[in-house]
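Examining the three-dimensional arrangement
Here's the letter readout for the chains.
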Amino acid sequence: MLNKKLKVVSLFSGCGGLDLGLEQAGFNVVWANDIDKTAVDTYKYNMNSVVIQKDITKISTDEIPECDLVAAGFPCQPFSSAGSRKGVSDERGTLFEEAIRVIEAKKPLIVLFENVRGLLSTKNLDGSLLIDSIVETLKDIEPGYNITYKLLKASDYGVPQQRYRVIFIGIRKDLGVDYEFPEPTHSLNDPDLTVGNVLKNIAGLPNQDEIWELSPQSKKLIPFIKEGGSWKDIPFDHLPPRLKKIREDMKKYRAPNFYRRFARDEINGTITAAATPENCGIIHPIENRRYSVREVARIQSFPDNFIFVGTSLASKYKVIGNAVPPKLGKIIGETLINLLHSIDPKKLEQARNGYEQLKLFSV
Ligand SMILES: C[S@@+](CC[C@H](N)C(=O)[O-])C[C@H]1O[C@@H](n2cnc3c(N)ncnc32)[C@H](O)[C@@H]1O
């Protein structure tokens, strides 16, 4: 067993969804960073870790402490040229490059990236896949990382939301172990995951009376939508011109499912940062309103004592929609801690002190 907690540096930490899960799993987040004020204010309010509100491109690696794990949910941007670090000099590649800069300086035992499902099909400007560039870049960092990635569905792990995210795990090669993603723990029939269950005993909780008002257009449309329905329930004559055009040629527009209103016996869809009823299942099942801040926080598996602070309501929905559900973070964190505990403690301590020493130790 390790006598000290494993240390995490969290880049693009948001309000701390992933970090809370990693802490619950037994990690110690020693330093976090995000550029967004509401994210950082909420992080500070709820977490004990140091969190810096600053653009990561303006932070020197000397300011970042040593750590065992670097976590980064960088915004997804294509590279200008596949697999080539030079190609990343294109401005659009810089945020991934920032994570690489920190990993190169700190050489953590573990790298954890999180990203949207679209990352799997995002192409670089030369037509190659962005995901291949990410894997190749990580493999090349001295002393090399064994990379594995998977598209995970949060509801498979007890989060009351059908949310897909790509998780990457890189394990430093000199540790000599491979990571395996956890098996699902929950099925889609689990009554604990339903909207009805999420909304139980919620009155009076912090952030429950904070409800972002709908736009005038949504206010008119939503009363037509029945519990479990969508924009298909809205009579044609009541649709705005843009939606009429789509309704008239559903095939051409690939039958979109706007204004989804999940029923109490369904599992909610993905809560997005924009929190718009048109594109994200954010309408209350039986009241004609958007979910409250607490309701979306519950759908994201934040505990009720995690409080969202900030000046604008929209910014609170944004940080929640951007987060990795803490429950998913905890399960991944636990599998990582178990993996590290499977390594000979002396070897692990040596590895934590630097891979050069590990080489000497194992001779
Ligand atoms: C997908 S969210 C990360 C969510 C986080 N992992 C969580 O679980 O709550 C991406 C974050 O990157 C932050 N971000 C974007 N550009 C940044 C920059 N240049 N420097 C620091 N943070 C940045 C955004 O403010 C946003 O919070």
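Residues numbered from 1 in each chain as written. Predicted model: local features only at pLDDT ≥ 70, side-chain atom pairs only at ≥ 80, totals over all residues. Heavy atoms only, no water.

As annotated in an unreviewed UniProt entry, the chain carries the name Cytosine-specific methyltransferase and comes from Bacillus mojavensis. Recorded in UniProt under Catalytic activity (unreviewed entry), the annotation for the chain is "a 2'-deoxycytidine in DNA + S-adenosyl-L-methionine = a 5-methyl-2'-deoxycytidine in DNA + S-adenosyl-L-homocysteine + H(+)". (UniProt positions renumbered as here; feature names shortened; annotations may be inferred.)

1. With respect to the pattern of salt bridges
All chains considered together, the criterion is met by 21 salt bridges. Where Glu 213 meets Lys 219, a salt bridge forms, and the shortest distance between an N and an O atom there is 2.4 Å. A relative accessible area of 56% places Glu 213 in the exposed class. Among the ionic pairs, Arg 298 bridges to Asp 304, the shortest N-O distance being 2.8 Å. Owing to a relative accessible area of 15%, Arg 298 belongs among the buried residues under this scheme. Each of Asp 68, Glu 349 and Arg 352 takes part in salt bridges that share partners, so that together they form one network. (Salt bridge = Lys/Arg side-chain N within 4 Å of Asp/Glu carboxyl O. Buried < 20%, exposed > 50% of the residue type's maximum accessible area, 1.4 Å probe, protein only.)

2. Quick look at the packing of helix α3 (residues 94-106) against helix α4 (residues 130-140)
Here α3 crosses α4 at 15°, and the two axes come no closer than 11 Å. The pairing of α3 with α4 is recorded here as roughly parallel in orientation. Seen from above, α3 lies across α4 with right-handed handedness. Contacts from Phe 96, Ile 100 and Ile 103 in α3 reach Ile 134, Thr 137 and Leu 138 in α4. (Axes fitted to C-alpha atoms, helices over the stretch in contact; angles between N-to-C directions. Helix = DSSP H or I, 4+ residues; strand = E, 2+ residues; numbered from the N terminus. Parallel < 35°, antiparallel > 145°, perpendicular 65-115°, else oblique. Left-handed = near helix turned anticlockwise from the far one by under 90°. Contact = heavy atoms within 4.5 Å.)

3. Some details on the nonpolar core
Counting residues in hydrophobic clusters, the biggest one holds 61 residues, and the most contacted among them are Leu 112, Ile 169 and Leu 336. The leading source of residues in this core is helix α10 (residues 326-341), at seven residues. Two domains each donate at least three residues to this core, and these are domain 1 (7-184 + 324-362) and domain 2 (191-322). Sequence-distant contacts of Ile 169, defined by excluding residues within four places in its chain, comprise Ile 110, Val 111, Leu 112, Asn 146, Ile 147, Thr 148, Tyr 179, Phe 181, Ile 332 and Leu 336. Counting residues in hydrophobic clusters, the runner-up holds 30 residues, among them Phe 12, Ile 59, Ala 99 and Ile 141. (Core = buried A, V, L, I, M, F, W, Y, C linked by side-chain atoms within 4.5 Å. Domains from an automatic or database assignment.)

4. Notes on the packing of aromatic side chains
Throughout the structure, instances matching the rule amount to 11 aromatic pairs. Their ring planes at 35° and their centres at 5.3 Å tell us that Tyr 149 and Phe 168 sit as a pair that is tilted. Linking Tyr 149 in strand β6 (residues 145-153) with Phe 168 in strand β7 (residues 164-172), this pair joins segments that are 19 residues apart in sequence. Overall, the relative accessible area of 35% leaves Tyr 149 in the partly exposed class. Between Phe 306 and Phe 308, the ring centres sit 5.3 Å apart and the planes meet at 50°, which makes this aromatic pair tilted. Each member of the pair, Phe 306 as well as Phe 308, is classed as buried. (Phe/Tyr/Trp six-rings, centres within 6.5 Å; stacked < 30°, edge-to-face > 60°.)

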